[in-house]
Amino acid sequence: RRSNLQVVELRQTVQNLTPGSPATFEARVRNLSDAESAPQPLAFFIGAGEGAQKRAESIVPALEKNGEHLVTFTSVFEQAGSHPVSVALPADDLTVDNARYLSVMARDRIRVLLVNGQTGGTGKKSDDETFFLETALSLDGAASPFAVTRRGAFDFAEDVDLNRNEVVVLANLPPFPDQVALLEAYVRDGGILVVTAGENVERDLPWYNANLFKEGKGLLPCRVAGAEEFKEAELGSWGMRMNLNHPAAREKGIQWQLLGETKIQKILRLEALSDPAAIPAVDFIELLKDGLGFRTFPAIVDRPVGLGRVIFFASTADADWGRFPVEPAFPVLW
């Protein structure tokens, strides 16, 4: 019956932090004693040692034996760099587990590498596969949290230092056998890989499934099947919706309702979603004629791989498969 509350976990809920933007942390507390615990304050600190500053405090309510409570703290880091973060409970009969520590990195910019899988052949930048995506990530100009660089598919060679980027986007790439192992290492070490569809991916689906899906053992969160295509006259019956069970749906201030206005002409079918780690983030919705219901297709699926994450978008980053890239929902989603 000795008193023993334990801080079981402290984690940041947003993977990439930028100075001046709110950062949210979750701390989980468990009662390991036989008796019910008394309410206790849990303090949140930034800094280490004597320089640690208390930024917030929350009361952990009375907990029964093995009962748990989740506490959320929000703070802003004004400076770029590494920041020690900790939470602590008052002393009890076992003090060694009363605190938990974390080191987080706030970066001036989130570095994004766009690998362009297809050019329009006209020499115009606006015809490139990544033009709309680069534009969306740069809309705020100097205030944008993203630092974007681009490479062509044929410049995506073995000497590319992927680890200089927090996010790598492969936009409709033809097969890239020499880079698969590099990408696997990059993601498992904490990188975020985004793959978007297009004519190249559709043509080389067997290669993508064999080398990136690998029956669930590769990078892709799902098997990619053939295309679903929709006539121009039917686009008014189409829209997208954010899956409310996905962690991104909890982000405040994002106008997810704009996804319902998207116009898509073609997507790839995503299958083999039985892996519980593969999370459908966004769905395409097709309303059937005469009010007979609707069909749903996963549009974006992601899953953790090692310390990183892989995201697959079933349509294109350019306007080849619909008008989505010129609609307000496009920068909101990206």
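The model shown is predicted, which means the values in this text are computed figures rather than measured ones.

S.K.: How do you make sense of the overall build of the protein chain when you look at a structure like this?
M.R.: When helices and strands are tallied, the protein chain shows five helices and 17 strands. Overall, the C-alpha framework of the protein chain stretches about 70 × 50 × 35 Å when taken along its three principal axes. Of all 334 residues assigned to the protein chain, the portion counted as buried reaches 45%. Sequence-distant contacts in the protein chain: of pairs separated by 6 or more residues, those separated by 24 or more amount to 67%. Carbon and sulfur atoms make up 50% of the accessible area of the protein chain, which amounts to about 16600 Å² in all. Charge centroids of the protein chain, computed over 34 positive and 45 negative side chains, lie 2 Å from each other.

S.K.: Would you take a moment to explain the pairing of strand S2 (residues 22-31) for this structure?
M.R.: Strand residues, when the strand is regular, have side chains that alternate between the two faces of the sheet. Direction of pairing for strand S1 (residues 5-12) relative to S2: antiparallel, over a ladder of seven bridges. Of the residues in S2, the one forming a bridge with Gln-6 is Arg-30. Across nine bridges, S2 lies against strand S5 (residues 68-76) in antiparallel orientation. Bridge assignment links Ala-23 to a residue of S5, and that residue is Ser-75.

S.K.: Sorry, what's going on with the pairing of strand S11 (residues 192-196) here?
M.R.: Burial within S11 is extensive, with five of its five residues counted as buried. The side-chain alternation of S11 yields two buried faces, one formed by Ile-192, Val-194 and Thr-196 and the other by Leu-193 and Val-195. One crossover worth recording links strand S10 (residues 167-171) to the parallel S11 by way of helix H2 (residues 180-188), and it is right-handed.

S.K.: Where do I start with the packing of aromatic side chains in this structure?
M.R.: Within a pair of aromatic rings, the relevant descriptors are the distance that separates the centres and the angle that separates the planes. Counted by the stated rule, this structure contains twelve aromatic pairs. Taking the centre distance of 5.0 Å and the plane angle of 65° together, the rings of Phe-176 and Trp-207 count as edge-to-face. Of the two residues, Phe-176 sits in the loop between S10 and H2 while Trp-207 sits in helix H4 (residues 205-213), which places them 31 residues apart along the sequence. Each member of the pair, Phe-176 as well as Trp-207, is classed as buried. Ring plane angle 90° and centroid distance 6.0 Å describe the contact between Phe-313 and Trp-334, whose orientation is recorded as edge-to-face. Within this pair, whereas Phe-313 is found in strand S17 (residues 308-313), its partner Trp-334 is found in the segment after helix H5 (329-333), the two being separated by 21 residues in sequence. Classification of Phe-313 as buried rests on a relative accessible area of 1%.

S.K.: Sorry, what's going on with the pattern of salt bridges here?
M.R.: It is possible for side chains bearing opposite charge to pair when their charged atoms get close. Applying the stated criterion to the full structure yields 19 salt bridges. Ionic pairing is found between Glu-68 and Arg-28, a salt bridge with its closest N-O pair at 3.0 Å. Here Glu-68 is found in strand S5, whereas its partner Arg-28 is found in strand S2, with 40 residues between them in sequence. Where Asp-283 meets Arg-241, a salt bridge forms, and the shortest distance between an N and an O atom there is 3.8 Å. Separated by 42 residues along the polypeptide, Asp-283 in strand S15 (residues 279-287) and Arg-241 in strand S13 (residues 238-242) bring together distant segments of the chain. Residue class for Arg-241 comes out partly exposed when judged on its relative accessible area of 41%. Through salt bridges with shared partners, one network takes in Glu-9, Arg-28, Arg-30 and Glu-68.

S.K.: What am I meant to see in the environment of Val-169 here?
M.R.: Along the chain, the position of Val-169 falls in strand S10. The spacing of Val-169 and Leu-133 is 36 residues in sequence and 9.7 Å in space, taken between C-alpha atoms. Apart from the residues lying within four places of it in its own chain, the contact partners of Val-169 are Val-112, Leu-113, Leu-114, Val-115, Leu-133, Val-194 and Thr-196.

S.K.: For this particular structure, what's the right way to read H2?
M.R.: Since one α-helical turn is 3.6 residues long, residues separated by three or four positions face the same way. Along H2, the residues classified as buried are Val-180, Leu-183, Glu-184, Tyr-186 and Val-187. Angular distribution of buried residues about the axis of H2 spans 165°; they occupy a single face of the element. Gly-190 sits one or two positions beyond H2 and adopts a positive phi of about 120°.

S.K.: Honestly, unusual backbone geometry in this entry has me stumped. Any pointers?
M.R.: Keep in mind that most residues, glycine aside, have a negative phi and that most peptide bonds are trans. In the Ramachandran plot, Asn-172 falls in the positive-phi region, its phi being about 60° despite a non-glycine side chain. Residue position: Asn-172 is located in the loop between S10 and H2. Taking relative accessible area as the criterion, Asn-172 reaches 1% and is therefore assigned buried.

S.K.: Would you mind showing me how to read the environment of Leu-137 here?
M.R.: Structurally, Leu-137 is set in helix H1 (residues 131-137). On the basis of relative accessibility, which here comes to 7%, the residue Leu-137 falls in the buried class.

S.K.: Looking at this model, I keep getting lost on the nonpolar core. Mind explaining?
M.R.: Note that soluble globular proteins tend to have their nonpolar side chains buried in a common cluster. Residues Phe-156, Leu-170, Phe-176, Leu-193, Tyr-208, Val-282 and Phe-284 are the most contacted members of the largest nonpolar core, which totals 58 residues. Discounting residues that sit within four places of it in the chain, Leu-170 has contacts with Val-115, Phe-156, Phe-176, Leu-183, Leu-193, Val-194, Val-195 and Thr-196.

About the criteria used
- Residues numbered from 1 in each chain as written.
- Predicted model: local features only at pLDDT ≥ 70, side-chain atom pairs only at ≥ 80, totals over all residues.
- Heavy atoms only, no water.
- Helix = DSSP H or I, 4+ residues; strand = E, 2+ residues; numbered from the N terminus.
- Buried < 20%, exposed > 50% of the residue type's maximum accessible area, 1.4 Å probe, protein only.
- Contact = heavy atoms within 4.5 Å.
- Areas by Shrake-Rupley, 256 points an atom, 1.4 Å probe, with all protein chains shown as cover.
- Lys, Arg positive; Asp, Glu negative; His and termini not counted.
- Charge placed at Lys NZ, Arg CZ, Asp CG, Glu CD.
- Pairing = 2+ DSSP bridges.
- Right-handed = clockwise from strand over helix to strand, strands pointing away.
- Phe/Tyr/Trp six-rings, centres within 6.5 Å; stacked < 30°, edge-to-face > 60°.
- Salt bridge = Lys/Arg side-chain N within 4 Å of Asp/Glu carboxyl O.
- Arc of directions from axis to C-beta.
- Core = buried A, V, L, I, M, F, W, Y, C linked by side-chain atoms within 4.5 Å.

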